[in-house]
Amino acid sequence: MLFSELPLANPLQRAVRAVGYETPTPIQERSIPSLLEGRDLLGIAQTGTGKTAAFALPILQRLLDSGKFRAPKTCRALILLPTRELAIQVEECFKQYAQFTAISTACIFGGVNDASQKRNLVRGVDVLVATPGRLLDLIGQKAVSLKALEFFVLDEADRMLDMGFIHDIRKVVALLPQVRQNLFFSATMPEDITKLAATILRPDPVRVEVAPQSTPIERIRQELYRIDKRRKGALLKELLLAHPEMKKVLVFSRTKHGVDKITRVLEKAGVKCAAIHGNKSQNRRQEALGNFKSERIRVLVATDIAARGIDVDDVSHVFNYDLPDVPETFVHRIGRTARAGKDGIAISFCSPDEEQDLRAIEKLTRVKIPEGDKAVYEKLPPPQKETAESEMRNARGRMNRGEAQARADKSREKPARGKKQRADDARGLKQENARGSKFEQMRKDPRLVVHKVDNSTKATSCQVSYSEGDDGNKRGGDEGKKPRSNGQDGDARRHRRRNRPGSRARRRMRENGGAV
């Protein structure tokens, strides 16, 4: 079947030819006729199958056939998506398909000022592409209403649930009119997704389940490098500098902090790169994505928000700097390369605490990932010693304190000490104990008067003197005797000089029988 054989209006056929479509993909061929009949659809398809055109073209065709006109502050079709990047991408597709019609589109998402978005909604729009949070916000401000909605599309439903949007989705569904056409798309169909679909779709929906003509796993050459977490940055830098053919590279990290750290390492090495994650403003994210598409930068470092929603052509390499917790996310990550029938390369780094994630990924994909060139390890710095805290942090809650301490101790083991070194250690310990016992005896002597200096009673910073006794002999002083005041410090020093044992005065006293 060709697109020219589908029952689409001339403006849509003209737009399809303009974007270069000739033969529909399996999901497009099976979905478009049913959607043109007005039936609900449950689509199960992975990224890269052409599902955007599968629901966009029939919606535009039915909007043209209805002959209705949009009302102020309303929309006729709502497409709900999890991320800003995916929302912008889908709106661009709608604009391309509707470029020869009078159908209007708008895109609303969080992270930017909502003033311009409200202005776009004043006259109403035919197609509204939105993320759940900003949509509910504008509905609460009465900037948009869903009372005139005719088509509702929930795309990337499984990703929505992973990101915690389930409650927002239920709020949006509660505001929809009863009479509408529903389209539900998801890459996977676990039990909770099935329950959610049952609350949105009408009875007996059309179920379309397709896979890509050639799954990404089959067309992507994979490599695995086992390395400790602290040397991943050095390994990534070494691979990028040693292989100039890596011209368009996506690097995925699990955390926002990790993305920023990787970016700093690459910039220091002279690699042109940019970061994209949830803490970046929308303008910065769009700027980074635009520079990556136009090849002004070589590397784009991103969190998993970019695993779905970044539609960039000719990505040569994908790096999994951190293995994802969810195995399905791995498939979406590496699916950014090998698009449109081309080949690609995916390189994964695996630290010891990520072996469990690696086994789950290989079980899901049914592919044993081969290890890369081990010669690169010789160019890296030696591994660093781990602490118990770093072991527990790297294990992400999978290791208790005892196990972490044992692993840290093992990595920090010192070589056996020689006989001379052990003798030196014993001699030093003996001297230290002797000094401690001598100070303890002095501290317990009742004949001593300790004068505090700088509020410290340490042996190195205190003044010690014997109390006065009859005939100058060393005898215990009065028990209630108070320390000398600051004004008597000079007399106290002279007294101690004259009466300390072994002084000249003491010798004369002994020689003269007690007389000075």
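What counts, and at which threshold
- Residues numbered from 1 in each chain as written.
- Predicted model: local features only at pLDDT ≥ 70, side-chain atom pairs only at ≥ 80, totals over all residues.
- Heavy atoms only, no water.
- Pairing = 2+ DSSP bridges.
- Helix = DSSP H or I, 4+ residues; strand = E, 2+ residues; numbered from the N terminus.
- Axes fitted to C-alpha atoms, helices over the stretch in contact; angles between N-to-C directions.
- Core = buried A, V, L, I, M, F, W, Y, C linked by side-chain atoms within 4.5 Å.
- Buried < 20%, exposed > 50% of the residue type's maximum accessible area, 1.4 Å probe, protein only.
- Contact = heavy atoms within 4.5 Å.
- Polar contact = N/O pair within 3.5 Å; in protein donor to acceptor, adjacent residues only side chain to side chain.
- pLDDT = per-residue confidence, 0-100.
- Phe/Tyr/Trp six-rings, centres within 6.5 Å; stacked < 30°, edge-to-face > 60°.
- Expected span 1.5 Å × (residues − 1).
- Salt bridge = Lys/Arg side-chain N within 4 Å of Asp/Glu carboxyl O.
- Parallel < 35°, antiparallel > 145°, perpendicular 65-115°, else oblique.
- Left-handed = near helix turned anticlockwise from the far one by under 90°.
- Nonpolar A, V, L, I, M, F, W, Y, C, P; charged D, E, K, R; others polar.

**Q** It is not clear to me how the sheet that holds strand E2 (residues 75-80) should be interpreted in this structure. Could you clarify?
**A** By way of backbone hydrogen bonds, the strands of a sheet pair with one another, either parallel or antiparallel. With parallel pairing, the 7 strands of this open sheet are ordered in space as E3-E4-E2-E5-E6-E1-E7. Pairing within the sheet leaves two strands with one partner each, and these edge strands are strand E3 (105-108) and strand E7 (206-209). Strand-to-strand, the axes of this sheet are offset by a mean angle of 15°, without reference to chain direction. Here strand E1 (residues 41-44) pairs with strand E6 (residues 181-186) via 4 bridges, running parallel. Residue pairing for E6: Leu41 is matched across the bridge by Leu183.

**Q** What exactly am I supposed to notice about the nonpolar core here?
**A** Soluble globular proteins tend to bury their nonpolar side chains together. Residues Phe55, Leu57, Leu60, Ile79, Phe94, Val127 and Val129 are the most contacted members of the largest nonpolar core, which totals 41 residues. With 8 residues, helix H3 (residues 51-66) is the single largest residue contributor to this core. With residues near it in sequence (within four places) discarded, Phe94 still touches Phe55, Ala56, Leu60, Ile79, Thr105 and Val127. Membership of the second largest hydrophobic core comes to 35 residues, among which are Val125, Leu128, Ala143 and Leu196.

**Q** Would you mind going over the side chain of Arg336 with me for this structure?
**A** Within the secondary structure layout, Arg336 lies in the loop between helix H14 (327-334) and strand E13 (344-350). At 3.3 Å, the side chain of Arg336 and the backbone oxygen of His332 are in polar contact.

**Q** Please clarify how the confidence of the model for the protein should be interpreted in this entry.
**A** Caution is warranted with low-pLDDT regions, since their predicted coordinates should not be read in detail. For the protein, the average pLDDT comes to 81, and 72% of its residues sit at 70 or higher. Predicted confidence in the protein is weakest over strand E15 (residues 463-466), with a mean pLDDT of 48, and strongest over strand E5 (residues 151-154), with 97. This stretch, residues 450-482, has a pLDDT under 50; its non-local contacts, to residues over four places away or in other chains, come to 45 contacts.

**Q** What is the right way to read the environment of Lys272 from this model?
**A** Structurally, Lys272 is set in the loop between helix H12 (256-268) and strand E10 (273-276). Taking the C-alpha atoms as reference points, Lys272 and Arg298, 26 residues apart in sequence, are found 5.5 Å from one another. Those residues in contact with Lys272 that sit more than four places away from it in its chain are Arg296, Ile297, Arg298 and Val299.

**Q** I'm lost on H14 in this one. Help?
**A** Owing to its 3.6 residues per turn, the α-helix aligns residues three or four sequence positions apart on the same side. With 7 of 8 residues buried, H14 is to be regarded as a mostly interior element. Three or more residues of H14 are buried, namely Pro327, Thr329, Phe330, Val331, His332, Arg333 and Ile334.

**Q** Any chance you could explain the packing of aromatic side chains here in plain terms?
**A** Describing an aromatic ring pair means giving the distance of the ring centres and the angle of the ring planes. In the structure shown here, the tally under the stated rule is 8 aromatic pairs. Ring geometry for Phe319 versus Phe349: centroids 5.9 Å apart, planes at 65°, classification edge-to-face. With Phe319 in strand E12 (residues 317-320) and Phe349 in strand E13, this residue pair connects regions lying 30 residues apart in the sequence. The pair formed by Phe319 and Phe349 is uniform in burial state, with each residue classed as buried.

**Q** Explain the sheet that holds E13 to me, please; I cannot follow it from the model alone.
**A** In spatial order, the strands read E8-E13-E12-E9-E11-E10; together these 6 strands make up an open sheet with parallel pairing. Taken across any chain shown, the strands that pair with only one partner, and hence form the sheet edges, are strand E8 (220-226) and E10. Adjacent strand axes in the sheet meet at a mean angle of 20°, parallel and antiparallel pairs treated alike. Alignment of strand E9 (residues 249-252) against E12, held across 4 bridges, turns out to be parallel. Note on E12: the bridge partner recorded for Val249 is His317. Against the sheet, helix H13 (residues 282-293) touches E9, E10 and strand E11 (299-302), its axis set at about 145° to E11.

**Q** Can you help me understand the pairing of E13 in this one?
**A** Looking along a regular strand, one sees side chains alternate from face to face of the sheet. Counting buried residues in E13 gives 7 out of 7 residues, a clear majority hidden from the surface. Side chains Gly344, Ala346, Ser348 and Cys350 of E13 all project onto a buried face; the interleaved residues Ile345, Ile347 and Phe349 project onto the opposite face, where all are buried too. Pairing geometry for E8 and E13, over 7 bridges, is parallel. Counted as the bridge partner of Ile220 is Gly344 from E13. As judged from the 4 bridges shared by E12 and E13, these two strands associate in the parallel manner. Among the inter-strand pairings, Asn320 is bridged to a residue of E13, identified as Ser348.

**Q** Looking at this structure, how should I read helix H4 (residues 84-97)?
**A** Between its first and last C-alpha atoms H4 spans 20 Å; for 14 residues at 1.5 Å apiece the expected length is 20 Å, and the two agree. Within H4, 11 of the 14 residues are buried, which leaves it mostly tucked inside the rest of the structure. Measuring from the side-chain oxygen of the N-cap residue of H4 to the backbone nitrogen of Leu86 gives 3.3 Å; that N-cap residue is Thr83.

**Q** How should I be thinking about the pattern of salt bridges in this particular structure?
**A** Where charged atoms from two side chains of opposite charge approach closely, those side chains can pair. Enumeration over the complete set of coordinates arrives at 23 salt bridges. Taking the shortest distance from any N to any O, the salt bridge between Glu85 and Arg285 comes out at 2.7 Å. Of this pair, Glu85 sits in helix H4 while Arg285 sits in helix H13, placing them 200 residues apart in sequence. As far as burial versus exposure is concerned, Glu85 and Arg285 are alike and both buried. Three or more residues joined by partner-sharing salt bridges are found here, namely Lys232, Arg254, Asp322, Asp325 and Glu354.

**Q** I would appreciate a short explanation of the packing of H3 against H4 in the present structure.
**A** A packed helix pair is summarised by two numbers, namely the angle formed by the two axes and the spacing between the axes. Two elements in contact, H3 and H4, have axes whose closest approach is 10 Å; the angle formed by their N-to-C orientations is 45°. One way to sum up the angle between H3 and H4 is to call them oblique. Two packed elements cross with a definite hand, and for H3 against H4 that hand is right-handed. Judged by residue contacts, Thr52, Ala53, Phe55, Ala56, Leu57 and Leu60 of H3 engage Val90, Cys93, Phe94 and Tyr97 from H4. Grouping the constituent residues of the contact of H3 with H4 by class yields 9 nonpolar, 1 polar and no charged.

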